[in-house]
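Below are the chains, spelled out letter by letter.
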Amino acid sequence: MVRSARQGPYICGIDAAMDVVSGKWKGLILWELDEHGIRRFAELRRGLPGVSEKMLTQHLREMEQDGLVVRTVYAEVPPRVEYSLTDDGRSLNAALTPLGAWGSSRIRSQHIQMVDHQDAAAMPRP
């Protein structure tokens with residue numbers, strides 16, 4: 001495994017964790033891979049309405065470097081690339097579960113609109 005560029009120094013554990021999950025899409029990538037298991041790039045992009053190809057690529061590369069995601073390339077024509085969570089990625093996703101529950105509660109209490117995941121593919125892309 002490649003050693004992560006993120007090596008501190010950190011003030012506390014939350015500082016270290018936030019360094020790894022910083023970025024608008026990383027938490028959602030973790031959720032998408034945990035929810036669906038192995039995903040190809042296009043499947044991830046369809047599951048994350050609003051993410052650009054550039055940002056998804058950048059975040060996946062950082063997450064691979066941080067040991068959260070495994071990128072598997074198959075020697076086929078056309079080439080097939082799949083992404084999945086590592087044990088560290090699954091444990092981080094589990095650690096974020098209470099944060100997700102807090103967010104869901106906030107959505108309900110504040111009457112905030114959610115994206116209908118079924119209609120996500122129809123949303124405009126940046």
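Residues numbered from 1 in each chain as written. Predicted model: local features only at pLDDT ≥ 70, side-chain atom pairs only at ≥ 80, totals over all residues. Heavy atoms only, no water.

An unreviewed UniProt entry lists the protein under the name Helix-turn-helix domain-containing protein, with Kribbella yunnanensis given as the organism.

A.B. asks: Where do I start with the overall build of the protein in this structure?
C.D. replies: In terms of helices and strands, the protein carries five helices and three strands. Secondary structure elements of the protein occur, N-terminal to C-terminal, as α-α-β-α-α-β-β-α. When burial is assessed residue by residue, the protein has 27% of its 126 residues classed as buried. Within the protein, counting contacts between residues at least 6 apart in sequence, those at least 24 apart form 54% of the total. On the protein, roughly 8500 Å² of surface is accessible, and the fraction owed to carbon and sulfur atoms is 56%. (Helix = DSSP H or I, 4+ residues; strand = E, 2+ residues; numbered from the N terminus. Buried < 20%, exposed > 50% of the residue type's maximum accessible area, 1.4 Å probe, protein only. Contact = heavy atoms within 4.5 Å. Areas by Shrake-Rupley, 256 points an atom, 1.4 Å probe, with all protein chains shown as cover.)

A.B. asks: Honestly, the sheet that holds strand β3 (residues 80-85) in this entry has me stumped. Any pointers?
C.D. replies: Strand pairing in a sheet relies on backbone hydrogen bonds. The paired strands run either parallel or antiparallel. Taking strand neighbours across the sheet as the criterion, the three strands line up as β1-β3-β2 in an open arrangement whose pairing is antiparallel. Single-partner strands in this sheet number two, and they are β1 (39-40) and β2 (69-74). Relative to β3, β2 runs antiparallel, the two sharing six bridges. Looking across to β3, one finds that V69 is bridged to L85. Across the sheet, helix α2 (residues 26-36) is in contact with β1, β2 and β3; its angle to β3 comes to roughly 95 degrees. (Pairing = 2+ DSSP bridges. Axes fitted to C-alpha atoms, helices over the stretch in contact; angles between N-to-C directions.)

A.B. asks: Looking at this model, I keep getting lost on the layout of surface pockets. Mind explaining?
C.D. replies: Empty space among the atoms becomes visible once a probe the size of a water molecule is rolled across them. Roughly 1000 Å³ of internal volume is contained in the largest pocket. Lining the largest pocket we find 24 residues, and of these G27, L28, W31, G100 and I107 sit closest to its centre. Only α1 (13-21), α2 and α5 (87-110) provide two or more residues apiece to the lining of the largest pocket. For the lining of the largest pocket, the element with the most residues is α5, which contributes eight residues. Residue composition of the lining of the largest pocket, grouped by class: 13 nonpolar, ten polar and one charged. (1 Å grid on protein atoms, 1.4 Å probe; cavity = no way out; pocket = protein on both sides within 12 Å on 5 of 7 lines; lining within 4 Å. Points joined across faces, edges and corners; volume = space filled by probe spheres on them. Nonpolar A, V, L, I, M, F, W, Y, C, P; charged D, E, K, R; others polar.)

A.B. asks: Looking at this structure, how should I read the packing of aromatic side chains?
C.D. replies: Aromatic ring pairs are described here by two measures, namely the spacing of the ring centres and the angle between the planes. This structure, assessed with the given rule, holds zero aromatic pairs. The aromatic ring of Y74 is capped on one face by R80, whose charged end is 3.8 Å from the ring centroid. (Phe/Tyr/Trp six-rings, centres within 6.5 Å; stacked < 30°, edge-to-face > 60°. Lys NZ or Arg CZ within 6 Å of the ring centre and 35° of its normal.)

A.B. asks: What should I look at first to understand the pattern of salt bridges in this one?
C.D. replies: Pairing between side chains of opposite charge can happen when their charged atoms approach one another. In this structure the tally under the stated criterion is five salt bridges. The closest approach of N and O atoms between R80 and E82, which form a salt bridge, is 2.9 Å. E82 gets classed as buried once you look at its relative accessible area, which sits at 14%. As a salt-bridge pair, D87 and R90 come within 2.5 Å of each other at their nearest N and O atoms. Placement of the pair is D87 and R90 together in helix α5, with a separation of three residues, close to one helical turn. Note on R90: relative accessible area 39%, which makes it partly exposed. (Salt bridge = Lys/Arg side-chain N within 4 Å of Asp/Glu carboxyl O.)

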